[in-house]
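# Architecture and fold: a report
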Amino acid sequence: MEIETHPFEPWLPSNAKLLLLGTFPPAPKRWCMEWYYPNYTNDMWRIFGHIFFGDKLYFVDEEKKTYKLDLLKPFLKEKGIAIFDTALRIYRTTGTASDKDLEIIERADLDGMLRSLPECKAVLAAGQLATTVFTEHYGIDARKMKMGDRKEFSFEDRTLYLYREPSSSRAYPMKVEKKAEYYERMFRDLGILG
């Protein structure tokens, strides 16, 4: 049984208004780059390109079949978007990145992340397992949350929101443009998109 430890450093710009939390990166054989949402078929960076630049390929290097990290990192820093995952160490029961095949051995330090992001107003838990881990930790009842909903929760002396958005995985059957509509409302709510 091979236990994997999270391969990337948490991306926590001090000005972050939004914390984007997945579950855990796919296996390295699926990466096209060494950073978050590294699977070339994942829609996350296409969603961002579509919303902020009107071009879903803005962050995509089609020729090399990878993403333009040199554009992505400064953009996320400027917009105040932090990224990490809910699991620090996992075991893949079947070798895939699918939530149903991940056994979480050690959860990430969610409290520590939020403490390090004093301007954070909201969390987007991307995917069902990430949402479950997060809501269990903070005692949030998310059973009635529908796609595009947000729910208020308290952390220490702060009030934050948890957002539920469509998965950026291609396994989730929705066009990039349609997924982007959901994300765009969240970015407008948070003042990240003017």
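Report on the accompanying structure. The structure displayed is predicted, hence computed values, not measured ones. (Residues numbered from 1 in each chain as written. Predicted model: local features only at pLDDT ≥ 70, side-chain atom pairs only at ≥ 80, totals over all residues. Heavy atoms only, no water.)

## Regarding the overall build of the protein
When its secondary structure is counted, the protein shows five helices and ten strands. Overall, the protein is about 50 × 50 × 30 Å in size when its C-alpha atoms are taken along their principal axes. Each of the 194 residues in the protein was classed as buried or not, and the buried ones make up 49%. Long-range pairs, those at least 24 residues apart, make up 63% of the contacts in the protein between residues at least 6 apart in sequence. For the protein, the accessible surface area stands at approximately 9600 Å², while carbon and sulfur atoms represent 47% of it. (Helix = DSSP H or I, 4+ residues; strand = E, 2+ residues; numbered from the N terminus. Buried < 20%, exposed > 50% of the residue type's maximum accessible area, 1.4 Å probe, protein only. Contact = heavy atoms within 4.5 Å. Areas by Shrake-Rupley, 256 points an atom, 1.4 Å probe, with all protein chains shown as cover.)

## Observations concerning unusual backbone geometry
In this model, Tyr37 sits at a positive phi of 50°, which is unusual for a non-glycine residue. Topologically, Tyr37 is positioned in the loop between β2 (18-22) and α1 (44-53). Of note, Glu156 is a non-glycine position whose phi angle comes to about 50°, a positive value. Among the structural elements, Glu156 can be located in the loop between β9 (150-155) and β10 (158-163).

## Quick notes on a nonpolar patch on the surface
A cluster of nonpolar side chains, contributed by Met1, Ile3 and Ile105, occupies part of the molecular surface with about 280 Å² of accessible area. For Ile105, the position within the fold is in strand β7 (residues 102-107). (Patch = residues over 30% accessible without salt bridge, like charges linked within 9 Å, V, L, I, M, F, W, Y side chains within 5 Å. Salt bridge = Lys/Arg side-chain N within 4 Å of Asp/Glu carboxyl O.)

## Topic: the pattern of salt bridges
For the coordinates displayed, the defined rule picks out twelve salt bridges. We note a salt bridge from Asp101 to Lys100, for which the minimum N-O separation is 3.4 Å. A relative accessible area of 9% means that Asp101 is categorised as buried. Salt bridges here are not isolated pairs; linked through shared partners, they connect Asp43, Arg170 and Lys179.

## Topic: the packing of aromatic side chains
All told, the structure shown has 23 aromatic pairs when counted by the stated rule. Ring geometry for Phe8 versus Trp31: centroids 5.0 Å apart, planes at 45°, classification tilted. Taken together, the residues Phe8 in the loop between β1 (3-5) and β2 and Trp31 in the loop between β2 and α1 connect sequence positions 23 residues apart. Residue class for Phe8 comes out buried when judged on its relative accessible area of 8%. Classification of Trp31 by relative accessible area gives partly exposed; the value is 22%. Taking the centre distance of 5.3 Å and the plane angle of 65° together, the rings of Phe48 and Phe187 count as edge-to-face. Of this pair, Phe48 sits in helix α1 while Phe187 sits in helix α5 (residues 176-189), placing them 139 residues apart in sequence. Looking at Phe187, the relative accessible area reads 0%, which means it is buried. Just above the ring of Tyr40 sits the side chain of Arg46; from NZ or CZ to the centre is 4.9 Å. Across from the ring centre of Trp11, 6.0 Å away, lies the NZ or CZ of Lys77, which sits over that ring. (Phe/Tyr/Trp six-rings, centres within 6.5 Å; stacked < 30°, edge-to-face > 60°. Lys NZ or Arg CZ within 6 Å of the ring centre and 35° of its normal.)

## Brief notes about the nonpolar core
One broad trend across soluble globular proteins is that nonpolar side chains are buried collectively. By size, the foremost hydrophobic cluster in this structure holds 58 residues, and its most contacted members are Trp45, Phe48, Leu76, Phe153 and Phe187. Among the elements that line this core, the one with the most residues is α1, at six residues. Non-local contacts of Phe187, meaning those with residues more than four positions away in its chain, are made with Leu18, Phe48, Ile51, Phe52, Ile81, Ile192 and Leu193. (Core = buried A, V, L, I, M, F, W, Y, C linked by side-chain atoms within 4.5 Å.)

## A short note on the sheet that holds strand β5 (residues 81-85)
Strand order in this open sheet of five strands is β5-β2-β8-β10-β9, and the pairing throughout is mixed. If you trace the sheet from one side to the other, it starts and ends with β5 and β9, each paired once. Between one strand and the next, the sheet's axes are offset by a mean angle of 25°, whatever the strand orientation. Here β9 runs beside β10; their pairing, made up of six bridges, is antiparallel. (Pairing = 2+ DSSP bridges. Axes fitted to C-alpha atoms, helices over the stretch in contact; angles between N-to-C directions.)

On their own, these measurements won't tell you what the molecule is for.
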